[in-house]
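Listed below are the residues making up each chain.
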Amino acid sequence: MGQISIILIAGLLFLFSFEPPQTNINISDMQVVLWTVVLTGVPVLIACFVTSYVARTFPANKEENLPKLYRLRRFMIVFECMSLATYLCNLYLLNLPALINKHFAFFRMENLRQTLALIPLLIGLICIRLAFYQVNRPQPGHYREVTTLQFKFLLFPLLPMFVYFAAIDAVQWLPYSAKAFIFERPYVLIGLILPVIASAYILAPLLMQFLWKTEPLAVGSALKGKLDQLTKQSGIKYRDIVVWQTGSLSIANAAVAGTFPWNRRIFLTDALLEYFTDEEIETVVAHELGHIRYRHIPTYMLFALFYLLSYPFFYILVEEPLVAYFEGSQILPTLCWLTFLIVYFVFIFRYLSRRCEHQADLYAAALTAKPEAFKTALLKLAVLNSVPKSIRRFFEIFNTHPSIHRRIDFINQWIERRATIQRYKKYLLEVKILIVLLPIFGILALMLFR
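Everything in this summary refers to the structure shown in the same document. This one's a predicted model, so the numbers in the text were calculated from it and none came from an experiment.

Before going further, it helps to examine the overall build of the protein chain. When its secondary structure is counted, the protein chain shows 22 helices and four strands. Out of the 450 residues in the protein chain, the part that is buried amounts to 48%. In the structure as shown, the protein chain presents an accessible area of about 23200 Å², 66% of it carried by carbon and sulfur atoms.

Here's what the structure looks like:
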C-alpha cells in the first residue's frame, strides 16, 4: 500500500467522477488522439531534458554528487503532477472517455472499459520515472527492464481495483430487482470491496511471483540452513523463501507477503544475496520476521478497511457541506475525495508504517543479537539502492520508511537500553486504537447507511 502512486489513483478518481463537458467544440477522433499524444509527451520531454542535463553536469559515479541527484529526484512529483494536469486536459477538453467508449463498445464491461482511458497517464508516469531512474544509477539497467519494473510497480496496487470494477460490471448483468437491491444499499457495495481487499493481502505472494521472476532459495546451502534455524528460533511459520531475480537492475531488498502461514513467503532479491554477508542477510530476514511477529500485514489490511468505514463521516461533515456551498462545481467532490485519500494514506498511514519499520528493526536486532551486522546491512542498502542515508524530517513524512541514519540511531538507543525504545516491544498504541475503533465505526457506518 505504501507504494501506491497517488498521482495514478488521482487520475483514476477523476476518470470515474468524469462527466462529459458541455461544449460546442467539434474535434475529430484523429485530433483527439494526436492531442492526447502531445499533451502526454510534454511533461515527459521536459523531464528528459532536465534529467539529461543534470546527469551530464553531476555524474552519478561520483559519490559527492549523490545528495544533489537525490534532491533532484524529489522533483519527480512535480513532473508527475504536470502529467496529471495534462491528463485532466485529455478528460475535460478532449473528452477522451467518449473516444474509448465509441471504439471499444464491443467490450461490454463498462467500468473496465473506462479504465482504458487511464493509459495515457500510465505511459506518462512510466516515462517520467524512467528518466529520473537513470539519473542516480552509476550502472543503469537496460531500459526495457526498467520500463517493465516501473509498469509492474504502478500496476500492482491497481489490480485489486480492477477486480472490484469487474465485480460491479458483473452486477449489471443481474436481474433488475437484484441490481436495484445492490445499488440502492451502499453497504452492499462496501461488502463487495471487503473480499477484494482481503484477497489482495492473502494472494499477494502468488501475484508477486506471477509478476516477477522468482526461484526458491537453494536447498542445502549454508545460508538456507542459517535462515531455517533463525525462523525456527522465532517460532514463525512460512511457506518458502524465494529469490527475486532483478537482473541488471541490482535491486537490494527484502519483503514478506501473505497473511497466513500456508501462503506466506519471504522475498529476497538476487543482489541482496550477492553483496551481503550471511550475517547481514540474517538480520534483514529477521526484520521481515518482525513484520510477521507484530502482525503488520493484518494491521495494514485493517487500516485499509478503516478507510472505507471512516470516509462516510468525512463525506457528511466536510465534503457534503462544501459541495452544497459551491453548487455546480463538478471537480470539487473529486478534490475532496482525493484530499481525504492523501491525508489518510500519505500522512497517517506512512506515519504508522515508519513506526512499524522501527518495531521490525528492534525485533531483528533482538532476535539475531547482531545489531552491528544489521546497521551495516542498512548502510549497504542505502549505497546499492542509491538512497541517501540522511533525510530531513519534513521530507521523511512522505516516506514509508525512516531514513537510514534514523534507523541506525534507533538501534543505538536500543543498545543503550533507552526506555523510550523498549515500548516498541509491545503492540503499537496506534494499532490498539485502530482495533478498538473498527467495530465502533462499523456499527455507526451501518446505522448511517440505513
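For the structure shown, the criterion picks out 28 aromatic pairs. Aromatic pair Tyr311 and Phe314: ring centres 6.0 Å apart, planes at 40°, arrangement tilted. You can see Tyr311 and its partner Phe314 sitting in helix 16 (residues 296-325), three residues apart, about one turn around the helix. Phe314 carries the same exposure label as Tyr311, and that label is buried. What links up through ring pairs into an aromatic cluster is the set Tyr300, Phe303, Tyr307, Tyr311, Phe314, Trp337, Phe340, Tyr344, Phe345 and Phe349. Looking at Arg293, its charged tip hangs above the ring of Tyr294, at a distance of 4.9 Å from the centre. If you follow Lys380 out to its NZ or CZ, it ends over the ring of Phe276, 5.5 Å from the centre.

Ordered in space as 1-2-4-3, the four strands form an open sheet in which the pairing is mixed. In this open sheet, the two edge strands, each paired with only one partner strand, are strand 1 (214-216) and strand 3 (254-257). Recorded for the sheet is a direction-independent mean angle of 30° between the axes of neighbouring strands. Pairing analysis gives three bridges linking strand 1 to strand 2 (residues 240-244), with the strands arranged antiparallel. Counted as the bridge partner of Glu215 is Val243 from strand 2. In this fold helix 12 (residues 204-211) packs onto strand 1, strand 2, strand 3 and strand 4 (265-269), with an angle of close to 30° to the strand it touches most, strand 4.

Parameters at a glance
- Residues numbered from 1 in each chain as written.
- Predicted model: local features only at pLDDT ≥ 70, side-chain atom pairs only at ≥ 80, totals over all residues.
- Heavy atoms only, no water.
- Helix = DSSP H or I, 4+ residues; strand = E, 2+ residues; numbered from the N terminus.
- Buried < 20%, exposed > 50% of the residue type's maximum accessible area, 1.4 Å probe, protein only.
- Areas by Shrake-Rupley, 256 points an atom, 1.4 Å probe, with all protein chains shown as cover.
- Phe/Tyr/Trp six-rings, centres within 6.5 Å; stacked < 30°, edge-to-face > 60°.
- Lys NZ or Arg CZ within 6 Å of the ring centre and 35° of its normal.
- Pairing = 2+ DSSP bridges.
- Axes fitted to C-alpha atoms, helices over the stretch in contact; angles between N-to-C directions.
- Contact = heavy atoms within 4.5 Å.

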